[in-house]
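Architecture and fold: a report
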Amino acid sequence: HHVALSVVRIDRLLASGYFRAKLAQEKLIKASSVPYTIVRATHFFEFVGAIAQLATEGQTLGLPPVMMEHIASDDVAAVVADVALAEPLNGTIELAGPEPIRQDDLVRRFLNATGDPRTVIADPQALYYGNAVNDQSLTPGDNPRLGSTGFEDWLSHNAERVAAAA
């Protein structure tokens, strides 16, 4: 049983070499004769700081005000473990965090929580890892499995790690 972790909506994010590679990985898995399950997850809370860094110009961050459903990596790990122990689906499941939030709002909350003085500006023209995005680009399709950890819970459980990374 081949289990692969991938990214939701990667077929809409092809300006990124990383996302093109993940899509190529999925195609190779599907074309093989090995039973498989692909878990497409939304982006992890652990990457919010990197999103902020990528969007920074001076003391401001221009981020697209698009919907996202970030998820805690612990929730992803639990689902991947469940999937690995289950029968292969020979298909794909999607996994998302429990609360939709706009990307600019999530990063703003992250910066506030870490005491970062930078200013977030909602910029509909801003790119996400080189990709133009909209409300469907970074969210799952219908009926994803949902993680249980919200952003505030994740922050409180990871305060030391988040502070060290800030």
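Everything below is about the structure printed above this text.
Residues numbered from 1 in each chain as written. Predicted model: local features only at pLDDT ≥ 70, side-chain atom pairs only at ≥ 80, totals over all residues. Heavy atoms only, no water.

**Digging into the packing of aromatic side chains**
As enumerated under the stated definition, the model contains 6 aromatic pairs in all. On the numbers, 5.5 Å between centres and 65 degrees between planes, the contact of Tyr18 with Phe19 is edge-to-face. Ring centres of Phe151 and Trp154 lie 6.1 Å apart, and the angle between their planes is 20 degrees; this geometry places the pair in the stacked category. Of the two residues, Phe151 and Trp154 are both situated in helix H5 (residues 151-157); the distance of 3 residues between them amounts to about one turn of the helix. Neither Phe151 nor Trp154 differs from the other in exposure class; each is buried. Taken together, Phe45, Phe151 and Trp154 form an aromatic cluster joined through their ring pairs. (Phe/Tyr/Trp six-rings, centres within 6.5 Å; stacked < 30°, edge-to-face > 60°. Helix = DSSP H or I, 4+ residues; strand = E, 2+ residues; numbered from the N terminus. Buried < 20%, exposed > 50% of the residue type's maximum accessible area, 1.4 Å probe, protein only.)

**A word on the nonpolar core**
Counting 28 residues, the largest nonpolar core has Leu61, Leu63, Val107, Leu111, Leu138, Phe151 and Trp154 as its most contacted members. Elements with a contribution of two residues or more to this core: helix H1 (17-31), helix H2 (48-55), strand E4 (60-63), helix H4 (103-113) and H5. Filtering out sequence-adjacent residues up to four positions away, Leu138 remains in contact with Val8, Leu13, Thr42, His43, Val66, Met67, Met68, Glu69, Gln103, Tyr128 and Val133. Counting residues in hydrophobic clusters, the runner-up holds 9 residues, among them Val39, Phe44, Ile71 and Val76. (Core = buried A, V, L, I, M, F, W, Y, C linked by side-chain atoms within 4.5 Å. Contact = heavy atoms within 4.5 Å.)

**Section: unusual backbone geometry**
One non-glycine residue with positive phi stands out, namely Tyr129, at about 50 degrees. Checked against the element boundaries, Tyr129 lands in the loop between strand E8 (119-122) and strand E9 (145-146). For Asn143, which is not a glycine, the phi torsion comes out positive at approximately 60 degrees. Relative to the elements of secondary structure, Asn143 occurs in the loop between E8 and E9. Owing to a relative accessible area of 74%, Asn143 belongs among the exposed residues under this scheme.

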